[in-house]
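# Tertiary structure, described
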Amino acid sequence: MSKRIFIDTNIMLDFLGERKPYYEPIAKIATLAEKEKLTIVVSPISFATVNYFIAKFENENIAREKLRKFKIICEICSLDAHTIDKGLNSSIKDFEDALQYFSATESDCEIIITRNGKDFKESLLPVMTAEEFLKSLNQNNYK
């Protein structure tokens, strides 16, 4: 079974928005997902947020096309009443971060990839940047 990694909204936006200097590491991770060497898991909330920003800075058609292509290489986790309840009753201050965290844990992810590690200080899962994750793979001869 391949490694399951949860991608936070900012990382998805870095990839689909091709934001420098963050684009290259997540592009490499996306390539690993395309080759089925790992599974990228994303929350439906991230799709909505990323659509908003890409449509705003590019346009709606480009945003939808990028999301359609990205959907092919990722798994979208479920976000249900149980996850919402966990988020509402969590000690994680930011509600959206709480929903992301519980989406990751309920989807059996092993790692959370984000640029905002401080948002997940209470995480029981390892939290890494895309760059740190790639370095960890290289140390494990995972290519």
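Structure's up top.
A few points on the structure.

Parameters at a glance
Residues numbered from 1 in each chain as written. Predicted model: local features only at pLDDT ≥ 70, side-chain atom pairs only at ≥ 80, totals over all residues. Heavy atoms only, no water. Helix = DSSP H or I, 4+ residues; strand = E, 2+ residues; numbered from the N terminus. Rg over C-alpha atoms; globule rule 2.2 N^0.38 Å. Pairing = 2+ DSSP bridges. Contact = heavy atoms within 4.5 Å. Axes fitted to C-alpha atoms, helices over the stretch in contact; angles between N-to-C directions. Buried < 20%, exposed > 50% of the residue type's maximum accessible area, 1.4 Å probe, protein only.

## What to know about the overall build of the chain
Of the regular secondary structure elements, the chain holds 7 helices and 5 strands. Written out in order from the N terminus, the α and β elements of the chain read β-α-α-β-α-α-β-α-α-β-β-α. Its C-alpha atoms give the chain a radius of gyration of 15 Å, within 12% of the compact-globule value 15 Å for 143 residues. Its C-alpha atoms give the chain principal-axis dimensions of about 40 × 35 × 25 Å.

## A few points about the sheet that holds strand 1 (residues 3–7)
Pairing is parallel across the open sheet formed by 5 strands, whose spatial order is 3-2-1-4-5. Each of the sheet's edge strands pairs with one partner strand only, and the pair in question is strand 3 (74–76) and strand 5 (127–128). Here strand 2 (residues 38–42) pairs with strand 3 via 3 bridges, running parallel. In the sheet register, Ile40 faces strand 3, and the bridge partner there is Cys74. With respect to the sheet, helix 2 (residues 23–34) is in contact with strand 1 and strand 2, its orientation differing from that of strand 2 by roughly 115°.

## Some thoughts on the environment of Leu79
Mapped onto the fold, Leu79 is located in the loop between strand 3 and helix 5 (81–88). Overall, Leu79 belongs to the partly exposed group, its relative accessible area being 29%. Considering only alpha carbons, one finds Leu79 and Ser43, 36 residues apart in sequence, at a separation of 7.3 Å. Residues contacting Leu79, with those up to four places away along its chain left out, are Pro44, Ile45, Ile84, Leu99 and Ser103.

In short, the description is geometric, and any link to function would need to be established separately.
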